[in-house]
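For reference, the chains in residue letters:
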Amino acid sequence: MSKENLELTLEQACRGLIFISEIDADVVPIFGSECDEITAQVALKMARRDTSTHIEERRVEDFFRRLTEKKMARRHSKRKGEEIP
């Protein structure tokens, strides 16, 4: 898959997605060049957003934890015949 197709696919996949939190923020993919470290400021520049915009930095493990914990709980409950919403 070309870089352009990958970016388009990710943009389409993220349309309408929100990260559930206090502000229910949109999930916005960012694309940029190689860099040593991704900080809030670097991410904002890559996303072409105002660098004074408040964003929260999270480790990737923390970002996906709720999704993976719920998915694992569903798998476990199916084995026991329980239902998890």
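Relevant structure appears above.
What you see is a predicted model; the values in this text were computed from it and never measured.

How each quantity is defined
- Residues numbered from 1 in each chain as written.
- Predicted model: local features only at pLDDT ≥ 70, side-chain atom pairs only at ≥ 80, totals over all residues.
- Heavy atoms only, no water.
- Helix = DSSP H or I, 4+ residues; strand = E, 2+ residues; numbered from the N terminus.
- Buried < 20%, exposed > 50% of the residue type's maximum accessible area, 1.4 Å probe, protein only.
- Contact = heavy atoms within 4.5 Å.
- Areas by Shrake-Rupley, 256 points an atom, 1.4 Å probe, with all protein chains shown as cover.
- Patch = residues over 30% accessible without salt bridge, like charges linked within 9 Å, V, L, I, M, F, W, Y side chains within 5 Å.
- Salt bridge = Lys/Arg side-chain N within 4 Å of Asp/Glu carboxyl O.
- Lys, Arg positive; Asp, Glu negative; His and termini not counted.
- Charge placed at Lys NZ, Arg CZ, Asp CG, Glu CD.
- 1 Å grid on protein atoms, 1.4 Å probe; cavity = no way out; pocket = protein on both sides within 12 Å on 5 of 7 lines; lining within 4 Å.
- Points joined across faces, edges and corners; volume = space filled by probe spheres on them.
- Nonpolar A, V, L, I, M, F, W, Y, C, P; charged D, E, K, R; others polar.

S.K.: Explanation requested: the overall build of the protein in the structure shown.
M.R.: Tallying secondary structure elements over the protein gives three helices and two strands in all. Moving toward the C terminus, one meets the helices and strands of the protein in the order α-β-β-α-α. Here the protein, with 85 residues, has 8% of them falling under the buried criterion. Look at the contacts in the protein between residues 6 or more apart in sequence, and 9% of them connect residues 24 or more apart. Accessible surface for the protein amounts to roughly 7,700 Å². Of this, 53% is attributable to carbon and sulfur atoms.

S.K.: In this structure, what is going on with a negative patch on the surface? I would like to understand it.
M.R.: A contiguous patch of negative charge, built from Glu 34, Asp 36, Glu 37 and Glu 57, is present on the exposed surface. In this structure, Glu 37 sits in the loop between β2 (25-26) and α2 (40-46). The class for Glu 37 is exposed, based on a relative accessible area of 55%.

S.K.: So what exactly am I meant to see when it comes to the pattern of salt bridges here?
M.R.: Side chains that differ in sign of charge can pair as their charged atoms come close. Summed over the entire model, instances satisfying the criterion amount to three salt bridges. Taking the shortest distance from any N to any O, the salt bridge between Lys 3 and Glu 7 comes out at 4.0 Å. A residue pair is termed a helical-turn pair when its members lie 3 or 4 positions apart in one helix, as Lys 3 and Glu 7 do in helix α1 (residues 3-14) at four residues. Glu 7 sits in the partly exposed class, given a relative accessible area of 22%. One salt bridge connects Asp 62 with Arg 59, and the closest N-O pair in it is separated by 3.5 Å. Members of the salt-bridge network, linked through shared partners, are Arg 59, Glu 61 and Asp 62.

S.K.: Just checking my understanding: could you explain the layout of surface pockets for this structure?
M.R.: If you roll a probe as big as a water molecule over the atoms, it shows you where there is empty space left. Taken as a whole, the largest pocket holds about 1,600 Å³ of empty space. In terms of lining residues, the largest pocket is bounded by 34 residues, among which Phe 19, Asp 26, Val 27, Glu 56 and Phe 63 are the most central. Among the elements of the structure, β1 (18-19), β2, α2 and α3 (60-80) are those that each provide at least two residues to the lining of the largest pocket. Broken down by element, the lining of the largest pocket gets its largest block of residues, seven residues, from α3. Looking at the lining of the largest pocket residue by residue, the classes come out as 21 nonpolar, four polar and nine charged. As a volume, the second largest pocket reaches approximately 170 Å³.

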